[in-house]
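Residue-level structure breakdown
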Amino acid sequence: MTQLSSPPQLDGWTHVYSGKVRDLYVPADGSDAHLLVVASNRVSAFDHVLEPPIPGKGALLTTLSNWWFSRIDVPNHLAGEGSGAPAVPAEVADRAMLTRRLEMYPIECVVRGALTGSGFAEYQRTGAVCGIELPAGLEDGDLLETPIYTPAYKAPLGEHDENITYERSAELVGEEVAAALRDASLRIFTAARDLAAERGVVLADTKFEFGRDPRAEAGDAAGALVLADEVLTSDSSRYWDASAYFDAALPRADRLASFDKQIVRDWLAANWDKQGEPPALPDEIVAQTYARYAELHARLTGE
Ligand code: ATP
Ligand code: MG
């Protein structure tokens, strides 16, 4: 895997972890109630972080997450500036989320409104996804009659996430939490899908993560299920342009061109044999990728 350039040092915060795209910080004073999630401009594809970064990407994804959070009627992890946390440093203000630090449930709550990607691959092998039997004859990208909940076990660092059945998720987190994760995920997905559809965008699938607030009172239902991480961004979701998707005359690949790193993936597929380090992205690919992220943001939010 590509070596990450070191994340910025931030006043009042200690860097604790970097994923492929985001950098996490905790308060330098040792308190554990907050977490600062900073979206970098890094872009990853085929499990590699690519060079160069996409200027403006972190800010766009952060704004989009915040926009969705404000429209979802489930308690979320965003913490106000008055919550006792250190101030958010100005240099990352447009791409940082100040959050309550939660105990995360080890489940990636995936909801699929369409069958594609790893879900389609599993269906081709078994006729089912995460134990949910689907009708025969579905093709890549077909919309499902109703959205399905297809959880994955969030594997410890360095291991691959693994699709699991709902029953297995109940063994991992208990019946009550498993049902709450499923029901909240399906409800949020359905509302988001309908809103996206009004704006000419197909929400094909997405992944939510939830946690539990260890500081909430026992019996406080709102503290037991808190929506965390990023929500409904193009890094955590697959969005398609509705006018292309519903144009039966187009080749399938064009109908299913996603609103994220499709341009990067296509360019890499044509210019790299997937051996060794990927080549640097040319300027025009960087610009086109930014434009694609910006277009989704503008379409959804109308801004
Ligand atoms: P990848 O680069 O493949 O996404 P990753 O998931 O390890 O790897 P990130 O997504 O950048 O990397 O990491 C964010 C981490 O922070 C995730 O493990 C997520 O579950 C966790 N997280 C998100 N919000 C909170 C929160 N409010 N409290 C505690 N942990 C959180
Ligand atoms: Mg992640």
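Residues numbered from 1 in each chain as written. Chains lettered and ligands numbered in written order. Predicted model: local features only at pLDDT ≥ 70, side-chain atom pairs only at ≥ 80, totals over all residues. Heavy atoms only, no water.

For the rest of this paragraph, the subject is the packing of helix 1 (residues 57–69) against helix 9 (residues 283–301). A pair of packed helices is characterised by two quantities: the angle between their axes and the separation of those axes. The contact between helix 1 and helix 9 brings their axes to 10 Å, and the two run at 20 degrees. In terms of their interaxial angle, helix 1 and helix 9 are classed as roughly parallel. In this structure, the crossing between helix 1 and helix 9 has a hand that is left-handed. Between helix 1, through K57, L60, L61, T63, L64, W67 and W68, and helix 9, the contact on the second element is made entirely by Y290, Y293, A294, L296, H297, L300 and T301. Among the residues forming the contact of helix 1 with helix 9, the class breakdown is 10 nonpolar, three polar and one charged. (Axes fitted to C-alpha atoms, helices over the stretch in contact; angles between N-to-C directions. Helix = DSSP H or I, 4+ residues; strand = E, 2+ residues; numbered from the N terminus. Parallel < 35°, antiparallel > 145°, perpendicular 65-115°, else oblique. Left-handed = near helix turned anticlockwise from the far one by under 90°. Contact = heavy atoms within 4.5 Å. Nonpolar A, V, L, I, M, F, W, Y, C, P; charged D, E, K, R; others polar.)

Turning our eyes to something else, we now look at the site of ligand 1. Inspection of the region around ligand 1 gives 16 residues, with Y17, K20, R22, H77 and E209 positioned closest. The backbone of K20 places a nitrogen or oxygen atom 2.7 Å from an oxygen atom of ligand 1. Here an oxygen atom of ligand 1 sits 2.6 Å away from a polar atom, N or O, in the side chain of R22. Compared with its free state, where it exposes 620 Å², ligand 1 has 79% of that area covered by protein. Put simply, the parts of the chain that give the shell around ligand 1 at least two residues each are strand 2 (22–27) and strand 6 (96–100). Split into classes, the residues belonging to the shell around ligand 1 amount to six nonpolar, three polar and seven charged. Per-domain counts for the shell around ligand 1 show at least three residues from each of domain 1 (13–100) and domain 2 (103–243). (Near = heavy atom within 4 Å. Polar contact = N/O pair within 3.5 Å; in protein donor to acceptor, adjacent residues only side chain to side chain. Areas by Shrake-Rupley, 256 points an atom, 1.4 Å probe, with all protein chains shown as cover. Domains from an automatic or database assignment.)

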